[in-house]
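Summary of structural features
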Amino acid sequence: MGPALELDCRTMLCPMPVIELARHLADVEVGQIIAVVARDAAARVDVPAWCRMRGHEFVGADTATDGAARYLVRRLS
């Protein structure tokens, strides 16, 4: 099952991808996955750290169709 929502954060620098993730988390239901597509290298560390701090599941990372990194987060509450 793919993400319920994909956020395009390709042009954003740290900390904006995680800020966008926080702003849009309520746009998906509990249990659904939200994807953050970002080119900023800090997102590789920031997204999993944000998940640990906020109590959500970092599902993993893959690659968007254009080669940008895509980080998958499951909303847990």
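Scroll up for the structure.
Residues numbered from 1 in each chain as written. Predicted model: local features only at pLDDT ≥ 70, side-chain atom pairs only at ≥ 80, totals over all residues. Heavy atoms only, no water.

Once that is clear, we can look at the overall build of the chain. A count of helical and extended segments in the chain gives two helices and four strands. Secondary structure elements of the chain occur, N-terminal to C-terminal, as β-α-β-α-β-β. Its C-alpha atoms give the chain principal-axis dimensions of roughly 30 × 25 × 20 Å. Put simply, the chain has 77 residues, and 38% of those count as buried. Taking contacts inside the chain between residues at least 6 apart in sequence as the whole, the part at least 24 apart equals 62%. Taken as a whole, the chain presents about 4400 Å² of accessible surface, with 53% of it coming from carbon and sulfur. The average position of the 9 basic charges and that of the 10 acidic charges among the side chains of the chain differ by 4 Å. (Helix = DSSP H or I, 4+ residues; strand = E, 2+ residues; numbered from the N terminus. Buried < 20%, exposed > 50% of the residue type's maximum accessible area, 1.4 Å probe, protein only. Contact = heavy atoms within 4.5 Å. Areas by Shrake-Rupley, 256 points an atom, 1.4 Å probe, with all protein chains shown as cover. Lys, Arg positive; Asp, Glu negative; His and termini not counted. Charge placed at Lys NZ, Arg CZ, Asp CG, Glu CD.)

We now examine helix 1 (residues 16-24). Within helix 1 the residues assigned to the buried category are P17, V18, E20 and L21. Along helix 1, the residues classed as buried sweep out an arc of 155 degrees about the axis, all on the same side. Contacts made by the buried residues of helix 1 are with strand 1 (5-8), strand 2 (33-38), helix 2 (43-54) and strand 4 (69-74). (Arc of directions from axis to C-beta.)

Let's shift gears to the environment of E57. Looking at the secondary structure, you find E57 in strand 3 (residues 57-63). E57 sits in the partly exposed class, given a relative accessible area of 33%. Non-local contacts of E57, meaning those with residues more than four positions away in its chain, are made with C51, L72, V73, R74 and L76.

Let's shift gears to the sheet that holds strand 2. Pairing is mixed in the open sheet, where four strands are placed in the order 1-2-4-3. Only two strands of the sheet have a single neighbouring strand rather than two, namely strand 1 and strand 3. Averaged over all neighbouring strand pairs, the angle between strand axes comes to 20 degrees, with direction disregarded. In this sheet, strand 4 lies alongside strand 3 in antiparallel orientation, the contact comprising six bridges. Pairing of G60 across the sheet is with L72, part of strand 4. The strands that helix 1 touches are strand 1, strand 2 and strand 4; relative to strand 2, the one it contacts most, it runs at about 155 degrees. (Pairing = 2+ DSSP bridges. Axes fitted to C-alpha atoms, helices over the stretch in contact; angles between N-to-C directions.)

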